Protein chains: 2
Amino acid sequence: MNKLKQKISEKTIERLSIYRRYLKDLQKNGKDRVYSHELAQLVSGTAAQVRRDLMQVGSNGCSSKGYEVSMLIDEIAKLLDCSEKQNIALIGVGNLGRALLGYFSGSRENYDIVALFDNAPDKCGRVICGKRCYSMNQLTEIVKEQKISTAILAVPAEAAEETAQNLIDAGIKAILNFAPRHITTRSRVFIETLDMTKALEKAIYFSRKNT
Amino acid sequence: MNKLKQKISEKTIERLSIYRRYLKDLQKNGKDRVYSHELAQLVSGTAAQVRRDLMQVGSNGCSSKGYEVSMLIDEIAKLLDCSEKQNIALIGVGNLGRALLGYFSGSRENYDIVALFDNAPDKCGRVICGKRCYSMNQLTEIVKEQKISTAILAVPAEAAEETAQNLIDAGIKAILNFAPRHITTRSRVFIETLDMTKALEKAIYFSRKNT
DNA sequence: TTCACGCTGTGTAATATTTCACAATTAAAG
DNA sequence: CTTTAATTGTGAAATATTACACAGCGTGAA
Ligand SMILES: NC(=O)c1ccc[n+]([C@@H]2O[C@H](COP(=O)([O-])OP(=O)(O)OC[C@H]3O[C@@H](n4cnc5c(N)ncnc54)[C@H](O)[C@@H]3O)[C@@H](O)[C@H]2O)c1
Ligand SMILES: NC(=O)c1ccc[n+]([C@@H]2O[C@H](COP(=O)([O-])OP(=O)(O)OC[C@H]3O[C@@H](n4cnc5c(N)ncnc54)[C@H](O)[C@@H]3O)[C@@H](O)[C@H]2O)c1
């Protein structure tokens, strides 16, 4: 409830996303209340941590009855979501890009991929998975036209930095980058890199360290 | 140099993986020395953090000449890699699985996908991207036979938990999970979940918060 | 009503991670 | 040889994140 804008940490935002997905499942299954310790399992955390996270969205849990599922979903949505559906662009419609396109297309309430971009002539102009693929030099135009805020970047590593800069210049405000390259920028655009090679090497390392 | 086994944090392991990838690029380009502040840019960190990371692998940087690239690569390899090439299994050869298969197959020095598993009859028995796909009931047998330590899990969310338990029972020591499900286990197996939906929702959130 | 129980909200402590800051070291120039 | 400039290694401080612990409340049973 308190509108004192203390900044919410990235970690908390991530967990809220996870809580919400689970809460929607609960709702589908007819469960209408949930305890902090149940949510805690989702993130291998403690109940106290969950309660702290939920405080930040203006939680109103009830002693001994826990939290009301539908209200929690609403409160998290109020924080995470924008009032209008967010338009997303996918840059690079290759092997990974196509998988992501199928995965993220439709069935999401608050965002949708609305445009594809690629520099391969055989892809530009085509409609893939119901979405039109544009050439890179239409980027600025389409981003403005469709009010695209966020881009998923799935181009080869060599092209990642330059493409990211083009996206920023076109007015994109956040990038989810799948290329195994760290992208530096002086602008205040949010860039999240999902580095699968890093993740796999880490898993391999810890496969020998545990037990 | 000091063999006092202080545990190295996950964060440091991740950064070492990133440093190494960059160092190999440098090596290809003929650069044979590197400064901590150069590596720092890679991870949006500080030079001091890089030096701390490198201390943990037994760094031997040289004042005013920085670190020797080839030696750093060797030291990091000594920590991250096993002496033998690690065998990886891919579970779930769907849209994402096939993309991952292409991405991680070959061209990696220290690990390789050696077996695929799926429960779809039309996939079992086939060879995809040069790798044989087995049925799930051959899991334990093949894992033992091929000494598979680590698995990439790309099955539907509903099947993720059960499949993960099967992997653990079969002797897998680490799992890289792409299903949007947290996997709980009482065993000491390492499980890393790469949650793309979480990452995208986070990006969308911060697209409105920055600037 | 009264009590016991279980859960939330939160101050405080503990831990983890990052950054600062500087002595020591090396290279190179004068 | 001496000075200057740059970089490493690292103790200590700062910050971020998580966990503990308990007061207070709501619920249901007696
Ligand atoms: N395939 C995977 O499973 C996987 C896994 C992890 C990371 N990645 C990373 O994701 C990225 C894409 O991988 P992929 O397997 O889909 O590669 P891909 O070669 O199949 O697809 C790349 C696509 O990007 C397009 N492209 C190339 N340069 C471009 C540019 N300058 N501007 C716009 N489009 C351009 C190409 O035309 C192609 O359609 C790579 O950086 C890769 O390292 C892929
Ligand atoms: N496609 C993407 O880009 C994407 C992105 C993010 C996350 N994911 C997640 O990755 C997972 C796979 O996604 P996908 O798009 O490849 O799905 P998919 O349906 O294309 O592929 C799933 C594969 O798993 C197999 N499978 C199903 N149940 C199984 C079981 N019990 N044991 C073994 N194999 C089984 C199926 O036969 C199929 O081949 C899902 O959990 C999805 O949520 C996918």
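The text that follows walks through the structure, step by step, so that each part is easy to find. (Residues numbered from 1 in each chain as written. Chains lettered and ligands numbered in written order. Predicted model: local features only at pLDDT ≥ 70, side-chain atom pairs only at ≥ 80, totals over all residues. Heavy atoms only, no water.)

1. What about the overall build of chain A?
Threshold: Numbering of helices and strands runs from the N terminus, with a helix taken as a DSSP run of H or I at least four residues long and a strand as a DSSP run of E at least two residues long. Contacts: residue pairs with any heavy atoms within 4.5 Å of one another. What sets the accessible areas is the Shrake-Rupley method with a 1.4 Å probe; for residues, cover comes only from the shown protein chains.
In terms of regular secondary structure, chain A is built from 8 helices and 9 strands. With the C-alpha coordinates aligned to their principal axes, the bounding extent of chain A is approximately 60 × 45 × 35 Å. Partitioning the intrachain contacts of chain A with sequence separation of at least 6 by distance along the chain shows that 56% fall at a separation of at least 24. Surface accessibility of chain A: about 10,500 Å² in total, with carbon and sulfur atoms responsible for 48%.

2. Comments concerning the packing of aromatic side chains
The following threshold applies: By convention, a stacked pair of Phe, Tyr or Trp rings (six-membered ring in the case of Trp) has centres within 6.5 Å and planes under 30 degrees apart, an edge-to-face pair has planes over 60 apart, and any other such pair is tilted. Charges are assigned to positions over rings by a cutoff of 6 Å between ring centre and Lys NZ or Arg CZ, combined with an angular limit of 35 degrees from the ring normal.
Going through the model one piece at a time under the given rule, you end up with 8 aromatic pairs over all chains. Taking 5.0 Å as the distance between ring centres and 70° as the angle between the ring planes, the aromatic pair formed by B:Y103 and B:F104 counts as edge-to-face. Among the aromatic side chains, those forming a connected cluster through ring pairs are A:F190, B:Y205 and B:F206. Lying over the aromatic face of A:Y103, A:R108 brings its terminal NZ or CZ to 4.8 Å of the ring centre.

3. Topic: the protein's contact with DNA strand C
Selection criterion: Distances are taken per atom, and a residue is near a molecule or strand as soon as one of its heavy atoms is within 4 Å of it. Whenever a nitrogen or oxygen atom comes within 3.5 Å of another N or O atom, the pair is scored as a polar contact, on the condition that within protein one atom can donate a hydrogen and the other can accept it, and that pairs from neighbouring residues in sequence are kept only if both atoms are in side chains.
Within the structure, DNA strand C sits among 25 residues, and A:S36, A:R51, A:R52, A:G61 and A:Y67 are positioned closest to it. Within the side chain of A:R51, one N or O atom sits 2.6 Å away from a base nitrogen of DNA strand C. Between DNA strand C and B:T46 there is a distance of 3.4 Å, counted from a phosphate oxygen to a side-chain nitrogen or oxygen. For the surface near DNA strand C, the elements supplying multiple residues, two or more each, are α2 (36-42) and α3 (47-56) of chain A together with α1 (10-28) and α3 (47-56) of chain B. When residues of the surface near DNA strand C are assigned to their parent elements, the largest contribution, 4 residues, is made by α3(B).

4. Some words on helix α7 (residues 157-170) of chain B
All names here are of chain B. Under the convention used in this document: One fewer than the residue count of a helix, multiplied by 1.5 Å, yields its expected span. Burial status follows relative accessibility: with a 1.4 Å probe on protein chains alone, a residue under 20% of its type maximum counts as buried, one over 50% as exposed, and anything between as partly exposed.
Here α7 is 14 residues long and its end C-alpha atoms lie 20 Å apart, about the 20 Å a rise of 1.5 Å per residue gives. Residues of α7 that are buried: A157, A160, T163, A164, L167, I168 and A170. The inward-facing, buried residues of α7 contact β3 (86-91), α6 (139-145), β7 (148-153) and β8 (174-177). Among the residues trailing α7, G171 stands out with phi positive, at a value near 110°.

5. Considerations on the site of ligand 1
Contacts to ligand 1 come from 24 residues, most closely from A:L96, A:D118, A:K123, A:V155 and B:A99. Lying at an intersection of chains, ligand 1 is approached by residues of chains A and B. Within the backbone of A:A157, an N or O atom sits 3.3 Å from an oxygen atom of ligand 1. Measuring from an oxygen atom of ligand 1, one finds a backbone N or O atom of B:A99 at 3.0 Å. Isolated, ligand 1 exposes 820 Å² of accessible area, and the fraction of that covered by the protein chains is 82%.

6. Some points on empty space enclosed by the protein
The condition that has to hold: Here a cavity denotes a set of grid points, spaced 1 Å apart and computed over the protein atoms alone, in which a 1.4 Å probe fits but from which it cannot get out, and a pocket denotes an open set meeting protein on both sides within 12 Å along at least five of seven lines; residues with an atom within 4 Å of a point are reported as lining. Grid points are joined across faces, edges and corners, and a volume is the space filled by probe spheres set on the points. Classes in brief: Ala, Val, Leu, Ile, Met, Phe, Trp, Tyr, Cys and Pro nonpolar; Asp, Glu, Lys and Arg charged; the others, Gly included, polar.
Enumeration according to the criterion identifies 2 cavities of 30 Å³ or more in this entry. Taken together, A:R20, A:L80, A:D81, A:C82, A:Q86, A:N110, A:Y111, B:E201 and B:I204 make up the lining of the largest cavity. Taken together, the residues of the lining of the largest cavity break down into 4 nonpolar, 2 polar and 3 charged. If you trace the second largest cavity, you find it lined by A:E201, A:I204, A:Y205, B:R20, B:L80, B:D81, B:Q86, B:N110 and B:Y111. Among the elements that make up the lining of the second largest cavity, the one with the highest residue count is helix α8 (residues 196-209) of chain A (3 residues). Partitioned by chemical class, the residues of the lining of the second largest cavity number 4 nonpolar, 2 polar and 3 charged.

Keep in mind that these numbers describe shape and distance, not what the molecule does.
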